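For reference, the chains in residue letters:
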Amino acid sequence: MKKLLEVKDLHISFHTFAGEVQAIRGVDFDLHEGETLAIVGESGSGKSVTTKSIMRLLPQGNSEIKSGEILFNGENLATASEKKMQKIRGKDISMIFQDPMTSLNPTMTIGKQIMEPLIKHRNLGKKEAAERAIKLLDLVGIPKPETRLKQYPHQFSGGMRQRVVIAIALACAPKVLIADEPTTALDVTIQGQILDLMKDLQKKIETSIIFITHDLGVVANVADRVAVMYGGKIVEVGTVDEIFYNPQHPYTWGLISSMPSLDSQDEELFVIPGTPPDLLHPPKGDAFAPRNPYAMKIDKEEQPPMFKVSDTHYAATWLLHPDAPKVEPPLAVQERQAKFHASIKGDK
Amino acid sequence: MAKYITKRIIYLIITLFIIASVTFFLMKFLPGTPFSNEERLTIEQREILNAKYGLDQPIPVQYMNYMVNIVKGDLGVSFQFENQPVMDLLMNRMGPSLQLGVQAMIIGTIIGVALGVLAAMFQNTWIDYGSTFLAILGKSIPSFVLAALLQYYIGVKLELLPVASWNSFSSSILPTIALACFPIATAARFMRTELIEVFGSDYITLAKAKGNSRGEVAVKHAIRNALIPLITVLGPMAVGLMTGSMVVEKVFAVPGIGEQFVKSIMTNDFPIIMGTTLFFAFLLTVIILIIDILYGIIDPRIRLNGGDK
């Protein structure tokens, strides 16, 4: 598969009164054509900052891309001009936001909001844009699109509004769609509908999706590959099966163990102890070390490089170093790994 | 919409009735009569005057008479200006005050909103600081100081505009500037704060994510949303401006209503006080009605569908 987007050694800082917050500290990932890449991690791990930087939508003034490249179609978006970015935004790369209740302009009709990118990037006239907008509303499953077109956001429910936001994002059939926790603000039944809709539309429009979430259940449902972020870095990346059934990083172990499953009965859910690192004073070693029961001396002193597990699977933990002692992952992870190895043997 | 406006007009009449009643009784509690300042009058002469104007009757009877006359459109006659009907006095004096008020309001809103938008769009640059500086000046310099400065430099030194007269449009320019400073400052500060908040909202990020430039985002998406709270502030300010600024009217020798109102309070000229109060109340309620209709035009969420939705 062709690489569509390549992020290389990205560093982003925010300048605050307290000092420089190093929100992103060397992020690398690729996005292939037609795939869905999920970025998971807890609040403050840098998921949203990374994706906003791809569209260069970080707040101007106090944020800075310190170094690194964001290559899209051979062009480095990290240094592209504002003019150039305006041509890319909404046309080649577009975005769906977390809260549909606040992401639509309350004083503009739905129709106008959907037509805006069409008129802008596709040079359509008002009439053609309106026709296309009706088709889009129909595509995202909004009944009576002709009447709905003239209505305002407050006349729509949360789930319906998110469908409208999706229609806006897909209006120009973008190559990359960034979905920043698109189902977090919706209730569970609507979540399922929106996820199904996105999967369905991805096939129709042939777009690649970067899906940001902290819900591993959603990841299992939508993603082809998963990148786990922690403390401004990607700590583990692999296919969905690799991350769910053969995780290598202790942080991923923690995430997997804290997931409720159908087998788990009354036992209390696992909790990762401690709090995320303070990126105003980032730790010298592995950012996860203070919360990591498997941490070794070297974890506190030196940042681990990415160790290769398979062609698609990499993890940044010293446990993968040839000299590292063998450790037993948590029980829930061991069970999953056993299933994973059994299935590989079964394949052979 | 028509149903809603009818309903609002009925409310308006009730409001005016209550205001008229409260003002009437409050005035009756004031010490003295319109003629108590006239020391040369004998007791008999005063009684004759009281009887002439109906002031010797019991207060409830006076109240009834006054209310009936108001409904007929008769606001009574002035005590201080030799039997002139209050209505005529108000109409003569209201014109200049209204003209100044409307001019100051239009200029104040346009310049104020423009300054506020610029300040918000170029937040923390010299444009923002400059606009803030102007706004603080506009708010903190009293209008009479500004009026005197304008008269001296533009009127006397440069001889560009008349200093203090009331006969042509050009004589209204300086008082309008003096009056407009406060609305400019208020609108600019308000607009800046609101717009910065709007710029931080999700739908503005979405508007940027569609490929809009900064200017397009501001004009198409942000300003309309930031205007909604501004309208609330501008309404009462408009009334304040239209009902006259005594100081500015005095300094520029404008034959407006502000000066007359104060004079009538000093002399217990009941009919003028009542008439002016009612007129101000009427203006205020009408402007509030206009504002409510404006809200609906700007903000679809409070669009008025016959008042039943």
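Computed from a predicted structure; not experimentally measured.

Rules used in this analysis
- Residues numbered from 1 in each chain as written.
- Chains lettered and ligands numbered in written order.
- Predicted model: local features only at pLDDT ≥ 70, side-chain atom pairs only at ≥ 80, totals over all residues.
- Helix = DSSP H or I, 4+ residues; strand = E, 2+ residues; numbered from the N terminus.
- Rg over C-alpha atoms; globule rule 2.2 N^0.38 Å.
- Buried ≥ 20, exposed ≤ 12 C-beta atoms within 10 Å, placed from the backbone.
- Contact = placed C-beta atoms within 7 Å.
- Core = buried A, V, L, I, M, F, W, Y, C linked by C-beta atoms within 7 Å.
- Nonpolar A, V, L, I, M, F, W, Y, C, P; charged D, E, K, R; others polar.
- Axes fitted to C-alpha atoms, helices over the stretch in contact; angles between N-to-C directions.
- Parallel < 35°, antiparallel > 145°, perpendicular 65-115°, else oblique.
- Left-handed = near helix turned anticlockwise from the far one by under 90°.
- Pairing = 2+ DSSP bridges.

Trainee: Is there a simple way to think about the overall build of chain A in this case?
Mentor: What chain A contains, in helices and strands, is 12 helices and 12 strands. By the compact-globule yardstick of 20 Å for 348 residues, chain A fits well, its C-alpha radius of gyration being 21 Å. Referenced to the eigenvectors of the C-alpha coordinate spread, the extents of chain A come out at roughly 70 × 45 × 40 Å. Classification of the 348 residues of chain A by burial places 44% in the buried group.

Trainee: When you look at the overall build of chain B in this model, what are you seeing that I'm missing?
Mentor: Of the regular secondary structure elements, chain B holds 12 helices and 0 strands. Each of the 309 residues in chain B was classed as buried or not, and the buried ones make up 34%. Pairs at least 24 residues apart make up 73% of the contacts formed inside chain B by residues separated by at least 6 positions.

Trainee: Which parts of the structure should I look at to understand the nonpolar core?
Mentor: Side chains that are nonpolar tend, in soluble globular proteins, to be buried together. Ranked by size, the top nonpolar core spans 135 residues in total, and within it Ala-167, Ile-210 and Val-228 of chain A carry the most contacts. In terms of residue count, helix 7 (residues 170–199) of chain B provides more of this core than any other element does, 16 residues in total. Apart from the residues within four sequence positions on either side, Val-228 of chain A is in contact with Val-40, Gly-41, Ile-234, Val-235, Glu-236, Ile-243, His-249, Tyr-251 and Thr-252 of chain A. With 11 residues, the next largest nonpolar core counts Leu-90, Ile-257, Phe-261 and Ile-272 of chain B among its residues.

Trainee: Would you mind going over helix 3 (residues 110–121) of chain A with me for this structure?
Mentor: The α-helix winds at 3.6 residues per turn, so residues separated by three or four positions along the chain end up facing the same way. Residue and element names in this part refer to chain A. A large share of helix 3 lies buried, amounting to 10 of its 12 residues. Within the span of helix 3, buried status applies to Ile-110, Gly-111, Gln-113, Ile-114, Met-115, Glu-116, Pro-117, Leu-118, Lys-120 and His-121. At its buried positions, helix 3 is contacted by helix 4 (126–139), helix 5 (145–148) and helix 6 (158–170). Among the residues trailing helix 3, Asn-123 stands out with phi positive, at a value near 55°.

Trainee: Would you explain the interface of chain B and chain A in this entry?
Mentor: Listed as interface residues are 18 residues of chain B and, on the opposing side, 24 residues of chain A. Elements with a minimum of two residues in the side of chain B that touches chain A: helix 8 (202–209) and helix 9 (214–242) of chain B. Taken together, the residues of the side of chain B that touches chain A break down into 6 nonpolar, 6 polar and 6 charged.

Trainee: Quick question: what am I supposed to make of the packing of helix 5 (residues 126–140) of chain B against helix 7 of chain B here?
Mentor: Residues and elements named next belong to chain B. Running from N to C, helix 5 and helix 7 cross one another at 135°; their axes reach a closest spacing of 8 Å. If you check the angle between helix 5 and helix 7, you find them oblique. At the point where helix 5 passes helix 7, the crossing takes the left-handed sense. Each of Ser-131, Ala-135, Gly-138 and Lys-139 in helix 5 lies in contact with helix 7, whose residues at this interface are Cys-181, Phe-182, Ile-184, Ala-185, Ala-188 and Arg-189. Counted by class, the contact of helix 5 with helix 7 contains 6 nonpolar, 2 polar and 2 charged residues.

Trainee: Explanation requested: the pairing of strand 4 (residues 63–72) of chain A in the structure shown.
Mentor: Sheet faces and side chains relate simply in a regular strand, where the side chains alternate between the two faces. All names here are of chain A. Bridge count for strand 1 (residues 3–16) against strand 4 is 8 bridges, and the pairing is antiparallel. For His-11, the partnering residue across the bridge sits in strand 4 and is Ser-67. Here strand 4 pairs with strand 5 (residues 75–76) via 2 bridges, running antiparallel. Paired with Leu-71 across the bridge in strand 5 is Asn-76. What sits between strand 4 and strand 5 in their antiparallel hairpin is a turn of 2 residues, with Asn-73 showing a positive phi close to 55°.

Trainee: Just checking my understanding: could you explain unusual backbone geometry for this structure?
Mentor: Glycine aside, residues mostly have negative phi, and peptide bonds are mostly found in the trans state. For Asp-9 of chain A, which is not a glycine, the phi torsion comes out positive at approximately 45°. Within the secondary structure, Asp-9 of chain A is located in strand 1. Look at Ala-253 of chain B: it is not a glycine, yet its phi comes out positive at around 55°. Structurally, Ala-253 of chain B can be placed in the loop between helix 10 (246–251) and helix 11 (257–266).

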